[in-house]
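Here is what each chain is made of, one letter per residue.
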Amino acid sequence: MSFFESYDNKMIQEDIDRIAGWFEDYDEFQDKTFLVTGATGLIGSQIVKALAAINRTGNRSMRILAYVRNPEKAQRVFGPLLERGDVDVVIGDINAPVSLDISVDYIIHGASATSSGYFVSHPVETIRTAMDGTTHVLEFARKQPDLKGMVYLSSLEVYGTPGPDKELIGESDYGYIDILNVRSSYSEGKKMVECLCASYAKEYGVPVKIARLSQTFGPGVEYNDGRVFAEFARCAMEQRDIVLHTMGRTVRSYCYTKDAVLAILLILLKGEVSEAYNVTNMETATSIREMAQLVASTAGEGKISVKIEIPEDLESFGYNPEMIIRLDSRKLEKLGWKATVGLEEMYRRMILGFGR
């Protein structure tokens with residue numbers, strides 16, 4: 001069987017239906033209002049769709065507010081849900097105070113800069129979006145009389161470069177970050193915002209929890225996404241050799257979109273306030289070069305090669321320093337979560353999701 005023949009184009013709906021089935025007995029959703037920022041992003045959009053499916057299949061009388069900057073993109077992403085009235089779009093920018101005359105029960109804050117190139121070319125904006133934007137969301141949160149939970153979507157980048165003796169990175173295992181490197185605008189912004197969340201929890205009683213996501217992908221990734229995992233997929237589909245701009249020795253772990261959405265909702269409902277949870281599939285830890293070779297041999301069907309060409313202006317690409325960072329997800333697993341999709345299957349489903 002060809003690599004591309006295993007699944008049809010309804011993969012995202014399959015994933016959403018599985019999430020809805022997982023939560024079918026959770027009464028916490030009944031009659032609740034949810035606010036999701038960054039709602040048209042990869043993870044935010046699937047959170048919104050999952051909540052809509054939970055509501056529809058369980059008759060939960062939920063209200064789902066998708067906070068977005070671009071109404072046209074919201075229409076593209078949520079079209080059928082908007083037509084059925086499953087989702088309400090709220091137009092706004094988190095860089096300004098959240099102006100919303102609706103009380104909410106739960107908040108998932110996912111709005112953030114996501115491009116490594118942007119972190120380097122716009123480090124000030126990267127920091128301000130993290131700090132100012134999250135301050136606006138937290139200020140809105142602390143004014144909600146019945147707020148039951150909030151999750152901030154953070155990143156594995158808060159760990160920086162771990163020490164060489166760390167086989168697995170738990171939630172308290174912080175490494176080195178060069179604060180004078182503008183690429184650190186993202187990592188340091190995420191770290192400061194996590195402290196801000198803990199501070200709002202302590203001082204104002206905001207019930208905020210933190211999800212530290214590893215790199216996450218699957219169906220729903222846009223074809224022109226600039227991250228390395230998407231570039232590898234495009235190379236396979238277009239039968240182009242994969243060209244690495246580093247030696248590819250950095251090791252990370254990854255997570256499938258459905259698994260990440262399920263984790264975020266579990267943290268929202270069952271996580272401890274002011275606590276952080278690693279969200280990753282521990283079995284996916286691999287080097288960039290090994291991942292490139294996997295894609296070349298599977299999706300590329302052995303017809304493409306992996307090459308290394310290191311450019312003179314490497315710093316402008318915004319790559320992180322070389323590191324080995326294998327996240328430990330056992331704290332999250334104690335909430336009842338378990339990763340279900342491995343790296344090869346993640347690529348298979350993402351590529352078929354491109355519809356090419």
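**Overview of the overall build of the protein**
Helix and strand counts for the protein stand at 11 helices and 13 strands. Whereas a compact globule of 356 residues would reach a radius of gyration of roughly 21 Å, the protein reaches 20 Å, a difference of no more than 12%. Projected onto the principal axes, the alpha-carbon positions of the protein cover approximately 55 × 50 × 40 Å. With 356 residues in all, the protein has 52% of them scored as buried. Residue pairs at least 24 apart in sequence account for 83% of intrachain contacts in the protein once pairs closer than 6 positions are excluded. Accessible area of the protein: about 15,900 Å², with a carbon and sulfur share of 47%.

**A closer look at the packing of helix α2 (residues 42-58) against helix α3 (residues 71-84)**
Running from N to C, α2 and α3 point in directions that differ by 30 degrees, and their axes come no closer than 11 Å. If you check the angle between α2 and α3, you find them roughly parallel. Of the two elements, α2 crosses α3, and the hand of that crossing is left-handed. Across from S45, V48, K49, A52 and R56 in α2, the residues of α3 making contact are V77, F78, L81 and R84. Looking at side-chain class alone, the contact of α2 with α3 contains 5 nonpolar, 1 polar and 3 charged residues.

**A short note on the sheet that holds strand β6 (residues 208-213)**
If you walk across this open sheet you meet the 7 strands as β3-β2-β1-β4-β5-β6-β10, and the pairing is parallel. Only two strands of the sheet have a single partner each, and these edge strands are β3 (88-91) and β10 (276-279). The average undirected angle you get between the axes of adjacent strands in this sheet is 20 degrees. Examined bridge by bridge, strand β1 (residues 33-37) and strand β2 (residues 63-68) share 5 bridges and lie parallel to one another. Within β2, the residue paired with T33 across the bridge is R63. Packed on one face of the sheet, α2 meets β1, β2, β4 (106-109), β5 (149-155) and β6 and runs near 165 degrees to β1.

**Comments concerning the nonpolar core**
If you look at the biggest cluster of nonpolar residues, it comprises 76 residues, and the most contacted ones within it are F23 and Y347. Counting residues in each nonpolar core, the second largest holds 27 residues, with I94, A111, V193 and V206 among its members.

**Observations concerning empty space enclosed by the protein**
Evaluation of the coordinates by the stated rule reveals 1 cavity of 30 Å³ or more. Here the largest cavity defines a volume of roughly 80 Å³. If you go around the largest cavity, the residues you meet are A111, S112, A113, T126, T129, A130, Y152, S185, Y186, G189 and K190. At the level of secondary structure, the elements contributing two or more residues to the lining of the largest cavity comprise α5 (123-142) and α6 (184-204).

**Notes on the confidence of the model for the protein**
Residues at a pLDDT of 70 or more form 94% of the protein, whose mean pLDDT is 92. Here residues 1-8 scores under 50 on pLDDT; set against residues more than four positions off or in separate chains, the count is 20 contacts.

**Examining the pattern of salt bridges**
Counted according to the given criterion, the structure contains 27 salt bridges. With a closest N to O distance of 2.8 Å, R227 and D225 form a salt bridge. Under the relative-accessibility criterion, D225 is labelled buried at 14%. Here E345 and R348 are joined by a salt bridge, their closest N and O atoms 3.1 Å apart. Placement of the pair is E345 and R348 together in helix α11 (residues 343-353), with a separation of 3 residues, close to one helical turn. By relative accessible area, which is 22% here, E345 ends up partly exposed. A residue is classified by how much of its surface remains accessible, and R348, at 14% relative accessible area, is buried. Taken together, the shared-partner salt bridges connect E14, D15, R18 and R349 into one network.

**Focus on unusual backbone geometry**
Even without a glycine there, the phi angle at N59 is positive, about 50 degrees. Here N59 lies in the loop between α2 and β2.

**What about α6?**
For α6, built from 21 residues, the straight-helix expectation of 30 Å at 1.5 Å per residue is met to within 8% by its first-to-last C-alpha distance of 29 Å. All of the buried residues along α6 are S184, S185, Y186, S187, G189, K190, V193, E194, L196, C197, Y200 and A201. Where α6 is buried, its residues meet α4 (116-121), α5, β5, β6 and β10. Positive backbone phi, approximately 75 degrees, marks G205, located one or two places after α6.

**So, the packing of aromatic side chains**
Tallied over the entire structure, the rule returns 13 aromatic pairs. Between F29 and F34 the ring centres are 5.8 Å apart and the planes differ by 25 degrees, which places this aromatic pair in the stacked class. The class for F34 is buried, based on a relative accessible area of 1%. When the ring of F217 is compared with that of Y254, the centres are 6.2 Å apart and the planes differ by 70 degrees; the resulting orientation is edge-to-face.

Conventions used here
- Residues numbered from 1 in each chain as written.
- Predicted model: local features only at pLDDT ≥ 70, side-chain atom pairs only at ≥ 80, totals over all residues.
- Heavy atoms only, no water.
- Helix = DSSP H or I, 4+ residues; strand = E, 2+ residues; numbered from the N terminus.
- Rg over C-alpha atoms; globule rule 2.2 N^0.38 Å.
- Buried < 20%, exposed > 50% of the residue type's maximum accessible area, 1.4 Å probe, protein only.
- Contact = heavy atoms within 4.5 Å.
- Areas by Shrake-Rupley, 256 points an atom, 1.4 Å probe, with all protein chains shown as cover.
- Axes fitted to C-alpha atoms, helices over the stretch in contact; angles between N-to-C directions.
- Parallel < 35°, antiparallel > 145°, perpendicular 65-115°, else oblique.
- Left-handed = near helix turned anticlockwise from the far one by under 90°.
- Nonpolar A, V, L, I, M, F, W, Y, C, P; charged D, E, K, R; others polar.
- Pairing = 2+ DSSP bridges.
- Core = buried A, V, L, I, M, F, W, Y, C linked by side-chain atoms within 4.5 Å.
- 1 Å grid on protein atoms, 1.4 Å probe; cavity = no way out; pocket = protein on both sides within 12 Å on 5 of 7 lines; lining within 4 Å.
- Points joined across faces, edges and corners; volume = space filled by probe spheres on them.
- pLDDT = per-residue confidence, 0-100.
- Salt bridge = Lys/Arg side-chain N within 4 Å of Asp/Glu carboxyl O.
- Expected span 1.5 Å × (residues − 1).
- Phe/Tyr/Trp six-rings, centres within 6.5 Å; stacked < 30°, edge-to-face > 60°.

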